[in-house]
Amino acid sequence: MEQQTGAMEGDDIMMSNAFYKGKKVLITGNTGFKGSWLCQMLLDAGAKVHGYSLEPPTQENLYDILKLHQNVETVTGDVRDYEMLADTMQNKQPEIVIHLAAQPIVRESYARARETFDINVMGTVNVLESVRHCGSVKSVLNVTTDKVYENKEWCWGYREHDTLNGFDPYSNSKSCSELVTQSYRKSFFDGSGIAISTARAGNVIGGGDFAADRIIPDCVRAARRGQKIKVRNPYSVRPYQHVLDALSAYLLLIEKQCQDLCLQGEYNVGPEEDSCVSTGELVSMFCSKWQQGQEWEVCKESHPLHESSFLRLDCSKIKSRLGWKSTWGIEESIERTVDWSKGWINDPKSICALTKMQIYEFMHR
């Protein structure tokens, strides 16, 4: 292990995907949890990474922890500011655009519904309009969510052609973002040589997520304080996956559609069926992996917000068309998340090396 860590500290571990070496990539929302992991993956692959984002959303945040500002040129801006975004795209001339910027918290979307729709819908319009007037772009990915579907509490997974109609403002705004992307592809990009897809990912977990009102960050915070973990709905079932599983699917899709325009479209990105577990099961696994007698309890406070009981994705399309499959199951995903979180708590100076090691081990599985 020490020898591997030393190699990581030398910054000479490269991703196996040669496609990204030297490519100019622009990521919106690159200072967030997913965006920070993605920046590190692309830097390790030899890409030239640019960002367009607000400041990191939390005081403790992965972007600063990994010192990504040293290697990623980030313009501080809001996706609602079309002029600034369009100017940034013209100045950076990216070949690849990955749209992650969003208001991503369901509970927050009830308190800030208008702003959520503005960011998630008009932000998507502004990104695609900027791409439309930038001649360098060849491949675009808009990352949405598994919650875009009209949830009928089915026991089987939703497929890409099922009805889009998210319930809450966040989910519905992402449904709208999907429709915006489809409209732009048909109206402006058909025959242009620019590939545009959307990825509907499940609930991602991993080290470095400090967001409020997410179950794994809540678990880590409670464990650090020696408190019981409070769970709102232990029986709700979700498709949990490690953040690297989702990001690897995004990067594969971007590459493949760039090489073959026929592969662009809408794709579900989720774990294998045995990784769709209830929140209670997920938290119990976390407690077991944390190994410090951690416990959880059902939160007795009232929660008037709508919350679906069952959600699963059918990922047959991305598996059959692109050959992608999930790498880390739920047990290993939680174990890796706990390892990262304990590493950050106990030895923060080595966290960059640990992050790179997890990426390396994932990519070489």
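Preceding this section is the structure that the text describes.
Computed from a predicted model, the values in this text were never measured in an experiment.

J.: Could you clarify how one ought to interpret the packing of helix α8 (residues 215-225) against helix α10 (residues 279-290) in this entry?
T.: A pair of packed helices is captured by two measures, namely the crossing angle of their axes and the spacing between those axes. With their axes 11 Å apart at the nearest point, α8 and α10 run at an angle of 40° to one another. Relative to α10, the element α8 lies oblique. Of the two elements, α8 crosses α10, and the hand of that crossing is right-handed. Residues Ile215, Ile216, Cys219, Val220 and Ala223 of α8 form the contact with α10, whose participating residues are Thr279, Leu282, Val283, Phe286 and Trp290.

J.: I'm lost on the side chain of asparagine 203 in this one. Help?
T.: Within the secondary structure layout, asparagine 203 lies in strand β7 (residues 203-205). The contacts of asparagine 203, once residues within four sequence positions are left out, are Asp146, Lys147, Arg238, Pro239, Tyr240 and Gln241.

J.: Which parts of the structure should I look at to understand the sheet that holds strand β5 (residues 139-143)?
T.: Spatial strand order, β3-β2-β1-β4-β5-β6-β10: 7 strands in an open sheet with parallel pairing. Among the strands making up the open sheet, the edge pair consists of β3 (73-76) and β10 (266-269). Ignoring strand direction, the axes of neighbouring strands in this sheet form an average angle of 20°. Pairing of strand β1 (residues 24-28) with strand β2 (residues 48-53) involves 5 bridges; the strand directions are parallel. The residue of β2 that forms the bridge with isoleucine 27 is glycine 51.

J.: Explain the nonpolar core here, please?
T.: Leu42 and Ile98 are the most contacted members of the largest nonpolar core, which totals 58 residues. If you tally residues by element for this core, the top one is helix α9 (residues 243-259), at 10 residues. Leave out the neighbours within four places in its chain, and leucine 42 touches Tyr20, Val25, Ile27, Ala47, Val49, Ile98 and Leu251. Of all hydrophobic cores here, the second largest spans 21 residues; its members include Leu85, Ile119, Val180 and Tyr184.

The rules behind each value
- Residues numbered from 1 in each chain as written.
- Predicted model: local features only at pLDDT ≥ 70, side-chain atom pairs only at ≥ 80, totals over all residues.
- Heavy atoms only, no water.
- Axes fitted to C-alpha atoms, helices over the stretch in contact; angles between N-to-C directions.
- Helix = DSSP H or I, 4+ residues; strand = E, 2+ residues; numbered from the N terminus.
- Parallel < 35°, antiparallel > 145°, perpendicular 65-115°, else oblique.
- Left-handed = near helix turned anticlockwise from the far one by under 90°.
- Contact = heavy atoms within 4.5 Å.
- Pairing = 2+ DSSP bridges.
- Core = buried A, V, L, I, M, F, W, Y, C linked by side-chain atoms within 4.5 Å.
- Buried < 20%, exposed > 50% of the residue type's maximum accessible area, 1.4 Å probe, protein only.

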